[in-house]
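Below, each chain spelled out in residue letters.
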Amino acid sequence: ARPLWWLGNTLRALSRPFEAEEKYVDAMEMDPENYHYKFDLSKYFLERKKYRQAIELLEECWEQSPEEESYQQLLVKTYLLFARNSWKRVPKDHDSLPEGIFPLTKSDLKVAQLYLNRAKKVSLKDEELLEEVNQLQKELKSYQSRQFTGSLIFAVASVLELVAIFYLVPSY
């Protein structure tokens, strides 16, 4: 399994990620009890933004060795990344919105809450990471308590305008 793993590392260094992933998976299948392979493969998946695959491997590693801090930390970091994965990033030079990353739908909030709950189950010693978990919890509470504060009259007028455009411009 080790030669396959090194071949995967070489292919990765040669910018051949798909072949590298194949070799990593082959090595892991040959030695499924080697959690070092699973942990390294999860880091590779994180680089490729394959969060679900990374989480699956990291959870296996953590279940096998729940006291291993590197497993705990990377698992929680991945949960936090995935929790905000579908949120919209607003750049600091935007005209009317503050800089930040924001959920757009209720499902974004539900996914974030699910992964926040998972992150809270991991016993962490890293104070900085605990603060990130607490920050996400505060953000979610803030977003979940927001209500529509726009003008109902404006919303109705906009719909009427769209209907009028639909009938007045037949090619639209």
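Rules used in this analysis
- Residues numbered from 1 in each chain as written.
- Predicted model: local features only at pLDDT ≥ 70, side-chain atom pairs only at ≥ 80, totals over all residues.
- Heavy atoms only, no water.
- Helix = DSSP H or I, 4+ residues; strand = E, 2+ residues; numbered from the N terminus.
- Buried < 20%, exposed > 50% of the residue type's maximum accessible area, 1.4 Å probe, protein only.
- Expected span 1.5 Å × (residues − 1).
- Contact = heavy atoms within 4.5 Å.
- Core = buried A, V, L, I, M, F, W, Y, C linked by side-chain atoms within 4.5 Å.

This part is about unusual backbone geometry. With a phi close to 60 degrees, S15 is a non-glycine residue in the positive phi region. Mapped onto the elements of the fold, S15 is located in the loop between helix 1 (2-13) and helix 2 (17-30). Owing to a relative accessible area of 60%, S15 belongs among the exposed residues under this scheme. Its identity as a non-glycine residue notwithstanding, K49 has a phi of 60 degrees, on the positive side. Locating K49 in the fold gives a position in the loop between helix 3 (35-47) and helix 4 (51-64).

Turning next to helix 3. When the terminal C-alpha atoms of helix 3 are compared, their 19 Å separation across 13 residues agrees well with the 18 Å that a helix rising 1.5 Å per residue should span. Across the 13 residues that make up helix 3, a large majority, ten, are buried. The inward-facing, buried residues of helix 3 abut helix 1, helix 2, helix 4 and helix 5 (69-83). Downstream of helix 3 by a residue or two, K49 has a phi angle that is positive, lying close to 60 degrees.

L41, V76, Y79, V122, L136 and L140 are the most contacted members of the largest nonpolar core, which totals 41 residues. Going through the elements one at a time, helix 1, helix 2, helix 3, helix 4, helix 5, helix 6 (106-121) and helix 7 (127-144) are the ones with two or more residues in this core. Residue contributions to this core peak at eight residues, all from helix 5. Excluding residues that lie within four positions of it along the chain, V122 makes contacts with W62, Q72, L75, V76 and Y79.

That is the geometry; function is a separate question.
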